[in-house]
Amino acid sequence: PTGQPDDYSYATDDRGNRTKLVAQAKYDGTTDIWYIETAKASKPIWSRVYVVEELDGFISASANTPVYSKNRQLLGVLGIDLLLSDISAALRKIKVSESGQIFVLERDGRLIASSGSQPLSFKANNKTDRYSVFNTPDPLMRAIAQALQKRFGDFKSISDQQHLEIQFNGQSQFVHIKPWRDDYGLDWLVIVTVPESDFMGQINANTRTTILLCLAALGIATILGVYTARWIAQPILRLGKASQAVANGD
């Protein structure tokens, strides 16, 4: 709340109830951008992505809502952080294909999350910054970004779902782009890429299985045909011999 610059950090139980105080520090949230923007908007919003340098790996967007008294006086702002690392962890649990990849980026090209193992941020002059999709260490992301830029000019012009195919390291990559927006300020692009080899490998495996089954069926049919022919032919041969014997007076 305004006027109380104290920050208390508590451990919680599995239901979210506070158990014990683990840290206390002086902190005035009213000077932070997430507080200022929410108070100015006078409605629930997402903050822009921000970094807390004092906490290693803390890169977050916060969902915030202002709290008012009965006479519409601002009492404070409630916020909860969504760590970008948690989004990446959730994406890694999604099995797109054997080597498919998902990544999320802002309209300016800066990365939000990725299912890959490449880092999303770096240190420069003791400051943490996020990679753009154009300078990320991941070469596939860079290739997709260049293809999108060539086709659409910039990411802001992508207003609906898009599909494209690019060549990367000598093979086709099929790319699906979906804008993600909500009523509280999020405007991201979700990109899924799958190499042709992933699903062609399954198709080729199915083709090989079909050929083997056909050969097996042909072999079984041939064997059954031989035995059936013998089964039918033997009585006929015996009958032929008996007829010959009768004709010879035997």
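Keep in mind that this is a model prediction, so the values were computed, not measured.

Go over the overall build of the protein chain with me, naming the residues and quoting the values.
Across its full length, the protein chain holds four helices and 13 strands. In terms of overall size, the protein chain is more extended than a compact globule, its C-alpha atoms giving a radius of gyration of 34 Å where 250 residues would be expected to give roughly 18 Å. For the C-alpha atoms alone, the extent of the protein chain along its principal axes is close to 130 × 50 × 35 Å. A sequence separation of at least 24 residues applies to 35% of the contacts in the protein chain between residues at least 6 apart. Surface exposure of the protein chain reaches about 16,700 Å², of which carbon and sulfur atoms provide 56%. Of note, the protein chain has its 27 positive side-chain charges centred 5 Å away from the centre of its 26 negative side-chain charges.

Which residues make up helix H3 (residues 139–152), and what values go with them?
Its 14 residues place the ends of H3 20 Å apart at the C-alpha level, agreeing with the 20 Å of an ideal helix rising 1.5 Å per residue. Of the positions making up H3, those classed as buried are Leu 140, Met 141, Ala 143, Ile 144, Ala 145, Ala 147, Leu 148 and Phe 152. Of the residues flanking the end of H3, it is Gly 153, one or two places downstream, whose phi is positive at about 90°.

Before we move on, can you summarise the pattern of salt bridges with the specific residues and values?
Taken as a whole, this structure holds seven salt bridges when the rule is applied. A salt bridge links Glu 106 to Arg 130; the shortest N-O distance between them is 2.7 Å. Separated by 24 residues along the polypeptide, Glu 106 in strand S7 (residues 101–106) and Arg 130 in strand S10 (residues 127–130) bring together distant segments of the chain. Of the two residues, Glu 106 and Arg 130, both sit in the buried class. One salt bridge in this structure joins Asp 187 and Arg 107, with 3.1 Å as the shortest N-O distance. With Asp 187 in strand S13 (residues 187–195) and Arg 107 in the loop between S7 and strand S8 (111–114), this residue pair connects regions lying 80 residues apart in the sequence. For Arg 107, a relative accessible area of 11% corresponds to the buried category. Three or more residues are tied together by salt bridges with common partners; here these are Glu 106, Asp 108, Arg 110 and Arg 130.

Break down the pairing of strand S1 (residues 6–12) for me, with residues and values.
Across seven bridges, the pairing between S1 and strand S2 (residues 18–26) is antiparallel. When the bridges of S2 are listed, Tyr 10 appears paired with Leu 21.

Go over the sheet that holds strand S12 (residues 171–181), please, and point to the residues and values.
Taken in spatial order, the five strands of this open sheet run S8-S7-S13-S12-S11, and their pairing is antiparallel. Of all strands in the sheet, those bounded by a partner on one side alone are S8 and strand S11 (162–168). Each strand axis lies, on average, 25° off the axis of its neighbour in the sheet, ignoring direction. Strand direction decides the pairing type here: S7 and S13, joined by six bridges, are antiparallel. When the sheet's bridge partners are listed, Phe 103 is paired in S13 with Ile 191. Across the face of the sheet, helix H2 (residues 84–92) comes into contact with S7, S8 and S13 while running at roughly 35° to S8. Most of the contacts of H3 go to S11, to which it runs at about 125°, and overall it touches S7, S8, S11, S12 and S13.

Go over the layout of surface pockets, please, and point to the residues and values.
Left-over empty space is what a probe sized like a water molecule reveals as it rolls over the atoms. Estimated volume of the largest pocket: approximately 1,100 Å³. Taken together, 32 residues form the lining of the largest pocket, with Asp 7, Tyr 27, Gly 29, Trp 34 and Gly 79 sitting closest to its centre. Sorting the residues of the lining of the largest pocket by element identifies S1, helix H1 (33–41), strand S4 (50–51), strand S5 (59–68) and strand S6 (74–83) as the ones contributing at least two each. Broken down by element, the lining of the largest pocket gets its largest block of residues, seven residues, from S6. Classifying every residue of the lining of the largest pocket by side-chain character gives 16 nonpolar, nine polar and seven charged.

Lay out H1 with the relevant residues and their values.
Within H1, burial applies to Trp 34, Tyr 35 and Thr 38. The arc enclosing the buried residues of H1, seen along the axis, measures out at 95°, which places them on a common side. Buried residues along H1 sit in contact with strand S3 (45–46), S4, S5 and S6. Immediately beyond the C-terminal end of H1, within one or two residues, lies Ser 42, with a positive phi of roughly 60°.

Here is what the cut-offs are and how they apply
Residues numbered from 1 in each chain as written. Predicted model: local features only at pLDDT ≥ 70, side-chain atom pairs only at ≥ 80, totals over all residues. Heavy atoms only, no water. Helix = DSSP H or I, 4+ residues; strand = E, 2+ residues; numbered from the N terminus. Rg over C-alpha atoms; globule rule 2.2 N^0.38 Å. Contact = heavy atoms within 4.5 Å. Areas by Shrake-Rupley, 256 points an atom, 1.4 Å probe, with all protein chains shown as cover. Lys, Arg positive; Asp, Glu negative; His and termini not counted. Charge placed at Lys NZ, Arg CZ, Asp CG, Glu CD. Expected span 1.5 Å × (residues − 1). Buried < 20%, exposed > 50% of the residue type's maximum accessible area, 1.4 Å probe, protein only. Salt bridge = Lys/Arg side-chain N within 4 Å of Asp/Glu carboxyl O. Pairing = 2+ DSSP bridges. Axes fitted to C-alpha atoms, helices over the stretch in contact; angles between N-to-C directions. 1 Å grid on protein atoms, 1.4 Å probe; cavity = no way out; pocket = protein on both sides within 12 Å on 5 of 7 lines; lining within 4 Å. Points joined across faces, edges and corners; volume = space filled by probe spheres on them. Nonpolar A, V, L, I, M, F, W, Y, C, P; charged D, E, K, R; others polar. Arc of directions from axis to C-beta.

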